[in-house]
Amino acid sequence: MNVRADVVALIRDGLSDRAIARELGVSRRTAGTTRRTLGAASVRAVYALTPEQMWTRYAQPTYTGGHMDWTGPTTPKGVPVVKSCHVSYSARGMAFRRRYGRDPVGYVRATCGRKGCVAEEHVADAPMRAELNAQYNAIFGGAR
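Residues numbered from 1 in each chain as written. Predicted model: local features only at pLDDT ≥ 70, side-chain atom pairs only at ≥ 80, totals over all residues. Heavy atoms only, no water.

> Summarise helix α3 (residues 28-38); cite the residues concerned and give the values.
Taken together, the buried positions of α3 are A31, G32, T34 and R35. The buried residues of α3 occupy an angular sector of 160° when the element is viewed end-on, so they sit on one face. Away from its buried face, by an angle of more than 90 degrees, α3 presents the exposed residues R29 and R36. Where α3 is buried, its residues contact α1 (5-12) and α2 (17-24). Following α3 by one or two positions, G39 has its phi on the positive side, about 75°. (Buried < 20%, exposed > 50% of the residue type's maximum accessible area, 1.4 Å probe, protein only. Helix = DSSP H or I, 4+ residues; strand = E, 2+ residues; numbered from the N terminus. Arc of directions from axis to C-beta. Contact = heavy atoms within 4.5 Å.)

The structure is reproduced here in structure tokens:
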């Protein structure tokens, strides 16, 4: 049987049949058949990756503005999440911890306003946003 080299590469990278189908636009059946032909073990889900591996795979830098787009799993509302061992973590929370070395207080949001941005330089927790808003109001007056 002929097998696609791109499918084989993703199988060797540890992706599930579903993840391969989504990434390459092939059917899950094609990925599964290729996996069986290779004698590769079945992978339950891409979430078997560690949070750091997921960060490396899904946080993609953009060409302008220092943004990082999240190309991985999201909640139904589109919030970037890191899933590992059936536990979900906020991708922005992970970026915050990487940048500031502490757990965030309240929700972590992107200060740049770009939907899906998880750049470490662009995230702030509730106290940081409150301080930024106070500074803005002190300079320009009025609510932002």
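> Outline the environment of V123, supporting the account with residue identities and numerical values.
Note on placement: V123 falls in strand β6 (residues 123-124). Separated by 15 residues in sequence, V123 and V108 have C-alpha atoms that sit 6.3 Å apart. Setting aside its immediate chain neighbours within four residues, V123 contacts R92, A95, F96, Y100, V108, R109, A110, T111 and M128.

> Outline the packing of α1 against α2, supporting the account with residue identities and numerical values.
In the contact formed by α1 and α2, the axes pass within 10 Å of each other and the chain directions differ by 135°. Classed by the angle they form, the pair α1 and α2 counts as oblique. The way α1 lies across α2 gives a crossing that is right-handed. Contact with α1, carried on its side by D6, V7, L10 and I11, involves I20, E23 and L24 of α2 and no other residues of that element. Counted by class, the contact of α1 with α2 contains five nonpolar, no polar and two charged residues. (Axes fitted to C-alpha atoms, helices over the stretch in contact; angles between N-to-C directions. Parallel < 35°, antiparallel > 145°, perpendicular 65-115°, else oblique. Left-handed = near helix turned anticlockwise from the far one by under 90°. Nonpolar A, V, L, I, M, F, W, Y, C, P; charged D, E, K, R; others polar.)

> So, the environment of A41: which residues are in play, and what are the values?
Counting through the fold element by element, A41 comes out in the loop between α3 and α4 (51-58). Classification of A41 as exposed rests on a relative accessible area of 62%. When the C-alpha atoms of A41 and P76 are compared, they prove to be 30 Å apart, with 35 residues separating the residues in sequence.

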